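Chain residues, written in single-letter form:
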Amino acid sequence: MTLLFVYGSLKEGYPNAHVNRGRRLPGDYRTAQPYPMHLVESVLPCLFLAPGKGLPVKGQLFEVDDAALAAMDALERIGEPGGYQRVAIDVVPLDAPERPVQAFVYVQAPALLEREGPHPGPIDEYTPEHAKALRW
């Protein structure tokens, strides 16, 4: 089993949760370091691999098997132009920040922020209010 930290549409109760067939670990988590997360074009939640910049980002942690990970990789277009990358970072439980664990997370290339349109952020959490604008 692999650990996967999700911060956007793959969280329970969000638009792409049906693709996430992992088992959620109890509690909520956040990135151990600050990272910039923006809503690209005010809609798409994207975490950018720039540790130390931005804010600690809140999300959920899942145990996933190879099949579940492959389904989410396909959704996030891993290996395709404009797709996400999957990298390992440290995350911590909100109630025990002294206990970091390493998990995979999906990140985007910073060039995405060069697109026209508003890209609000950095933000620390993708909320149900944000998700209302996402149409998949």
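That block above? That's the structure.
Residues numbered from 1 in each chain as written. Predicted model: local features only at pLDDT ≥ 70, side-chain atom pairs only at ≥ 80, totals over all residues. Heavy atoms only, no water.

Visitor: Teacher, can you tell me more about the side chain of lysine 11 here?
Guide: Among the structural elements, lysine 11 can be located in the loop between strand S1 (2-6) and strand S2 (23-24). Once residues within four sequence positions are removed from consideration, lysine 11 is found in contact with Val6, Ala17, Gly59, Gln60, Glu125 and Tyr126. (Helix = DSSP H or I, 4+ residues; strand = E, 2+ residues; numbered from the N terminus. Contact = heavy atoms within 4.5 Å.)

Visitor: Help me understand the nonpolar core, please; the structure alone is not making it clear to me.
Guide: Note on soluble globular proteins: their nonpolar side chains tend to be buried together. If you look at the biggest cluster of nonpolar residues, it comprises 37 residues, and the most contacted ones within it are Phe5, Tyr7, Leu47, Met72 and Val105. Of all the elements in the fold, those that place two or more residues in this core are S1, strand S4 (37-40), strand S5 (44-47), strand S6 (58-64), helix H1 (66-75), strand S7 (85-93) and strand S8 (101-107). When residues no more than four places from it in sequence are discounted, the contact partners of methionine 72 are Leu4, Leu10, Val19, Asn20, Val64 and Tyr106. (Core = buried A, V, L, I, M, F, W, Y, C linked by side-chain atoms within 4.5 Å. Buried < 20%, exposed > 50% of the residue type's maximum accessible area, 1.4 Å probe, protein only.)

Visitor: Just checking my understanding: could you explain the pairing of S4 for this structure?
Guide: For a regular strand, the rule is simple: side chains alternate between the two faces of the sheet. Residues of S4 alternate between two faces, with Met37 and Leu39 on one and His38 and Val40 on the opposite face, all of them buried. Looking at chain direction, S4 and S5 are connected through four bridges and run antiparallel. When the sheet's bridge partners are listed, valine 40 is paired in S5 with leucine 44. Counting the residues that bridge the hairpin from S4 to S5 gives three residues, and of these glutamate 41 lies at a positive phi of roughly 55 degrees. (Pairing = 2+ DSSP bridges.)

Visitor: What's the story with the pattern of salt bridges in this structure? I'm lost.
Guide: A side chain with one charge can pair with a side chain of the opposite charge if their charged atoms come near. Counted by the stated rule, this structure contains nine salt bridges. Across the pair glutamate 41 and arginine 115 runs a salt bridge whose closest N-O atoms are separated by 3.6 Å. Placement of glutamate 41 in the loop between S4 and S5 and of arginine 115 in the loop between S8 and helix H2 (128-131) is noted, with a sequence separation of 74 residues between them. Accessibility expressed as a relative area gives 41% for arginine 115, which makes it partly exposed. Salt-bridge contacts for arginine 86 lead to aspartate 73; the nearest nitrogen and oxygen are separated by 2.7 Å. Placement of arginine 86 in strand S7 and of aspartate 73 in helix H1 is noted, with a sequence separation of 13 residues between them. Overlapping salt bridges bring together Glu12, Arg24 and Asp28 as one network. (Salt bridge = Lys/Arg side-chain N within 4 Å of Asp/Glu carboxyl O.)

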